[in-house]
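What follows is the residue order along each chain.
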Amino acid sequence: MSSDFEAYEQDFGTLTAEVTNKIGRIPKLSGEEKTQLVLNVDKQLEEVRELLEQMDLEAREIPIQSRAMYNSRLKSYKQEVEKLEKDFKRSRIAYSDEVRNELLGDEASSSENQLIKLREERAHLLDNTEKLERSSRRLEAGYQIAVETEQVGQEILSNLNSDREKIQRARERLRETDANLGKSSRILTGMLRRKYKK
């Protein structure tokens, strides 16, 4: 099962790299060319989501002792897709300086500095937000691993307790058997003595 998961991982890595590259190109385009690239990225993101669903199904079939590691990786991939989708939305309404000037002409030059300033401030805010989100995701992933590790530990302890009880019951049966054998031996010895006395 883990080999299937890893095969999906490879496909996921290849596809998300392509999507990331195309998202970066979208603001530099306009007109029909931009529309076609947007449609293409939208289709590839759907394929990425399908890969995530397949990995999720595979992770559920992995033994619980190894499942925590795969769940952590899967959670990271889901967060990566969420970021890609956000970047995709932003790219659809964004234009590079060259395309904006081509679309708006000289009339855009008077407000260009203001747009640049606003864009820089917005980028700074987005960067800080993403840093906070990444820190939060790392904490959540660590907590999830700890919880799942604790669950595995509890199962192991439960199994050990069950095995100990079985061993104790087996010892009790052995003691009872020894006692019965001793009693039988004494009875036979008594019978033999009475026989020889006769």
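The structure presented is a predicted model; accordingly, all values stated were derived computationally and were not measured. (Residues numbered from 1 in each chain as written. Predicted model: local features only at pLDDT ≥ 70, side-chain atom pairs only at ≥ 80, totals over all residues. Heavy atoms only, no water.)

Caption draft 1: Structural detail: the packing of aromatic side chains. Under the criterion given, the structure shown has two aromatic pairs. Consider the rings of Phe5 and Tyr70, whose centres lie 4.9 Å apart with planes at 80°: the pair is edge-to-face. Linking Phe5 in helix 1 (residues 2-25) with Tyr70 in helix 3 (residues 64-93), this pair joins segments that are 65 residues apart in sequence. Grouping residues by exposure puts Phe5 and Tyr70 together as buried. Centre to centre, the rings of Phe12 and Tyr77 are 4.9 Å apart; their planes meet at 45°, and the pair counts as tilted. Here Phe12, found in helix 1, pairs with Tyr77, found in helix 3; they are 65 residues apart in sequence, far enough to count as distant. Just as Phe12 is buried, Tyr77 falls in that class too. (Phe/Tyr/Trp six-rings, centres within 6.5 Å; stacked < 30°, edge-to-face > 60°. Helix = DSSP H or I, 4+ residues; strand = E, 2+ residues; numbered from the N terminus. Buried < 20%, exposed > 50% of the residue type's maximum accessible area, 1.4 Å probe, protein only.)

Caption draft 2: Molecular detail of the packing of helix 1 against helix 3. It is at 11 Å that the axes of helix 1 and helix 3 come closest, and there the two elements cross at 20°. One way to sum up the angle between helix 1 and helix 3 is to call them roughly parallel. Where helix 1 crosses over helix 3, the two elements pack in a sense that is left-handed. The residues of helix 3 that touch helix 1, namely those facing Ser2, Phe5, Glu6, Glu9, Phe12, Thr16, Val19, Thr20 and Ile23, are Tyr70, Arg73, Leu74, Tyr77, Glu80, Val81, Leu84, Asp87, Phe88 and Ser91. Looking at side-chain class alone, the contact of helix 1 with helix 3 contains ten nonpolar, four polar and five charged residues. (Axes fitted to C-alpha atoms, helices over the stretch in contact; angles between N-to-C directions. Parallel < 35°, antiparallel > 145°, perpendicular 65-115°, else oblique. Left-handed = near helix turned anticlockwise from the far one by under 90°. Contact = heavy atoms within 4.5 Å. Nonpolar A, V, L, I, M, F, W, Y, C, P; charged D, E, K, R; others polar.)

Caption draft 3: Examining the pattern of salt bridges more closely. Enumeration over the complete set of coordinates arrives at nine salt bridges. When the shortest N-O distance is used, the salt bridge between Arg73 and Glu9 registers 2.6 Å. Of this pair, Arg73 sits in helix 3 while Glu9 sits in helix 1; the two residues are 64 residues apart in sequence, bridging distant segments of the chain. Residue class for Arg73 comes out partly exposed when judged on its relative accessible area of 24%. With a closest N to O distance of 2.9 Å, Arg175 and Glu172 form a salt bridge. Pair noted here: Arg175 and Glu172 are both in helix 5 (residues 109-197), with a separation of three residues, about one helical turn. By relative accessible area, which is 42% here, Glu172 ends up partly exposed. (Salt bridge = Lys/Arg side-chain N within 4 Å of Asp/Glu carboxyl O.)

Caption draft 4: Molecular detail of the nonpolar core. Counting 13 residues, the largest nonpolar core has Phe5, Phe12, Leu52 and Met55 as its most contacted members. Mapped onto this core, the elements with two or more residues apiece are helix 1, helix 2 (31-61) and helix 3. The element contributing the most residues to this core is helix 2, with five residues. Aside from chain neighbours lying at most four places away, what touches Phe5 is Met55, Glu58, Ala59, Tyr70, Arg73 and Leu74. Counting residues in each nonpolar core, the second largest holds ten residues, with Ile23, Leu37, Val41 and Leu45 among its members. (Core = buried A, V, L, I, M, F, W, Y, C linked by side-chain atoms within 4.5 Å.)

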